[in-house]
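Spelled out, the chains give:
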Amino acid sequence: MKKKFLYSALFLMGMAFTGFTATSCNDDEDGGNGGNEFDEAANLNYTPENAASWRNYSLQVAKLLQKDATTLYDSWETSFQGGDAFKKTFTEHNGGDYTSALSCIEQIIDKCVEITDEVGNSKIGDPYNKWTAGQHTEALYAVESWYSFHSRDDYSNNIRSIRNSYFNSMDSTISNYSLYNLVQKIDPALNTKVANEIESTKNAILAIPQPFRNNIGDEKVPVAQSACIALGETLDKELKAAIQNAYNNGTITDAEMDSVVSGFVYKVVLPTYKDLKEKNTALCAAVQNFYNTPSDATFEAACDAWLVARMPWEQSEAFLFGPVDILGLDPNMDSWPLDQVAIVNILNSGNFDDLNWEDGDTEDEISSSQEVRGFHTLEFLLFKDGNPRTVSAQ
């Protein structure tokens, strides 16, 4: 998730689009305590006046998501940038950034550490810190996935992506060739600690009352944040050192680590990206159906497809390296927060070229394109207050 805060621009959106309404929000109000009202600074509705543009925008974003998900899978499975598939580059580690099985395992762990930091300090910690500082409005808009009220599910799936990388499986089973079994050979106590912390961190996030946006100040929020931070420290300071020391003293071999790397690619990365490709293809079909036949039912079906397509993405965030990073596919698909002013301008103008960028564009041009596409733009267009939108203004 590429994240930067755009709150200062949110209210201006009301000046850009007919039908915007806003209510005042006093930062001293207790707006994050289960069901209390909060400021809807982006209260834009689907109306007969904007319906055609709205459906077209939704379809353009869904097509880009399908394209990016397909590119990501194909880059690992078939060919990356006109050369070998990235699975070959990573599993054979015979050049570039990956020169050994150990370097690949360190890459896997480093990315697991990164997502614990992102979930703990950005996704959970940023809204919580703003809330406790009395910046209640800013805290509300800092919550990722608040249009669908899907935040807590996203964060727990991020932790599941760590579990999958550690177990080399797509569920709670443990593969024979996994980091889990490698560490079990090195240090059984550390292995138990890592596995327990992964599970307890996921459960601490799920213990936050739903939806997170209405419960930012709940006492369970800092517990979940602390669990993420503790897990990251265990992985970074203890797990990496244990594997390095075991390799240095000959307790584990290159062949054993090669098996772990191969298992990671074939049992986790490729199945996750295949799932992402297939579910985003289904999402695009659902949005196409909404485009062709707008109704409350097709709006809701598109929302259901979004929720399904979102899961494999969130369960891939522990391995945001390789093509997803090099090709800019992470911010393409998952920039947050959105530039909602620009989204409204696109709805008004119908200029969907603003969603695309190409090599040679400036960093600002690329960022501007990425902030008006991806999962969260489609989420904004499909959901309102945690529910599917309807074909008539609410």
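Model, not experiment: these values are computed from the prediction. (Residues numbered from 1 in each chain as written. Predicted model: local features only at pLDDT ≥ 70, side-chain atom pairs only at ≥ 80, totals over all residues. Heavy atoms only, no water.)

Draft legend 1. The pattern of salt bridges, seen in detail. One pass over the structure, following the stated rule, counts 21 salt bridges. Between K111 and E114 there is a salt bridge, with the nearest N and O atoms lying 3.2 Å from each other. Residue K111 and its partner E114 are located together in helix α5 (residues 101-132), separated by three residues, close to a single helical turn. What emerges from the salt-bridge pattern is a single network uniting E118, K123, E144, D154, R310, E314, E317 and D334. (Salt bridge = Lys/Arg side-chain N within 4 Å of Asp/Glu carboxyl O. Helix = DSSP H or I, 4+ residues; strand = E, 2+ residues; numbered from the N terminus.)

Draft legend 2. Expanded view of the side chain of N50. Tracing the backbone through its elements, the reader meets N50 in the loop between α2 (13-16) and α3 (51-77). On the accessibility criterion, N50 (4% relative accessible area) is buried. Side-chain polar atoms of N50 contact the backbone oxygen of N45, separated by 2.9 Å. (Buried < 20%, exposed > 50% of the residue type's maximum accessible area, 1.4 Å probe, protein only. Polar contact = N/O pair within 3.5 Å; in protein donor to acceptor, adjacent residues only side chain to side chain.)

Draft legend 3. Region of the structure containing the packing of helix α7 (residues 151-167) against helix α8 (residues 179-186). The geometry of α7 relative to α8 is characterised by a closest axis approach of 5 Å and an angle of 65° between their N-to-C directions. Where α7 approaches α8, its residues S165, Y166 and F167 are matched on the opposing element by L179, Y180 and V183. For the contact of α7 with α8, the per-class residue count stands at five nonpolar, one polar and no charged. (Axes fitted to C-alpha atoms, helices over the stretch in contact; angles between N-to-C directions. Contact = heavy atoms within 4.5 Å. Nonpolar A, V, L, I, M, F, W, Y, C, P; charged D, E, K, R; others polar.)

Draft legend 4. Seen up close, the packing of α5 against α7. The N-to-C vectors of α5 and α7 enclose an angle of 165°; their axes lie 10 Å apart at closest approach. On the basis of their axis angle, the class for α5 and α7 is roughly antiparallel. Considering how the two elements wind past one another, α5 and α7 form a crossing that is left-handed. Facing α5, whose interface residues are I108, C112, I115, T116, V119, K123 and I124, α7 presents Y155, N158, I162 and S165. Looking at the contact of α5 with α7 residue by residue, the class counts come to seven nonpolar, three polar and one charged. (Parallel < 35°, antiparallel > 145°, perpendicular 65-115°, else oblique. Left-handed = near helix turned anticlockwise from the far one by under 90°.)

Draft legend 5. Molecular detail of helix α10 (residues 220-248). Here α10 is 29 residues long and its end C-alpha atoms lie 41 Å apart, about the 42 Å a rise of 1.5 Å per residue gives. The largest bend along α10 measures about 30° and falls at L235. Looking at the residues trailing α10, positive phi occurs at G250, about 85°. (Expected span 1.5 Å × (residues − 1). Bend = angle between axes of the 7 residues up to and from the residue.)

Draft legend 6. How the structure looks around the layout of surface pockets. Here the largest pocket defines a volume of roughly 220 Å³. Counting only elements with at least two residues in the lining of the largest pocket, the list comes to α3 and α14 (329-334). For the lining of the largest pocket, the element with the most residues is α3, which contributes four residues. A breakdown of the residues in the lining of the largest pocket according to their chemical character gives four nonpolar, three polar and five charged. (1 Å grid on protein atoms, 1.4 Å probe; cavity = no way out; pocket = protein on both sides within 12 Å on 5 of 7 lines; lining within 4 Å. Points joined across faces, edges and corners; volume = space filled by probe spheres on them.)

Draft legend 7. Looking closely at the nonpolar core. Y57, W76, F90 and I243 are the most contacted members of the largest nonpolar core, which has 110 residues in total. In terms of residues, this core owes the most to one element, helix α11 (residues 254-292), which gives 15 residues. Among all residues touching I243, those that are not within four sequence positions of it are L102, I105, I109, L179, V183, I186, I252 and M257. (Core = buried A, V, L, I, M, F, W, Y, C linked by side-chain atoms within 4.5 Å.)

Draft legend 8. A look at the confidence of the model for the chain. Mean pLDDT over the chain works out to 89, with 89% of the residues at or above the 70 mark. Between residues 4-41, whose pLDDT stays under 50, and residues either more than four places distant or in other chains, the model counts 90 contacts. (pLDDT = per-residue confidence, 0-100.)

Draft legend 9. Region of interest: the packing of aromatic side chains. Counted under the stated rule, the structure contains 31 aromatic pairs. Centre to centre, the rings of W76 and Y273 are 6.3 Å apart; their planes meet at 50°, and the pair counts as tilted. A residue pair is termed long-range when its members are at least 10 positions apart, and W76 in helix α3 and Y273 in helix α11 qualify at 197 residues. Residue classification places W76 among the buried positions, given a relative accessible area of 0%. For Y273, a relative accessible area of 0% puts it in the buried group. Ring geometry for W306 versus F375: centroids 6.3 Å apart, planes at 80°, classification edge-to-face. In this pair, W306 is assigned in helix α12 (residues 296-314) and F375 in helix α17 (residues 374-382), connecting sequence segments 69 residues apart. Accessibility classification places W306 together with F375 in one group, the buried group. (Phe/Tyr/Trp six-rings, centres within 6.5 Å; stacked < 30°, edge-to-face > 60°.)

Draft legend 10. View of the environment of D258. Along the chain, D258 turns up in helix α11. A relative accessible area of 30% places D258 in the partly exposed class. When sequence neighbours within four positions are dropped, the list of residues in contact with D258 reads T91, H93 and A101. Of the polar contacts made by the side chain of D258, one reaches the side chain of H93; its length is 2.6 Å.

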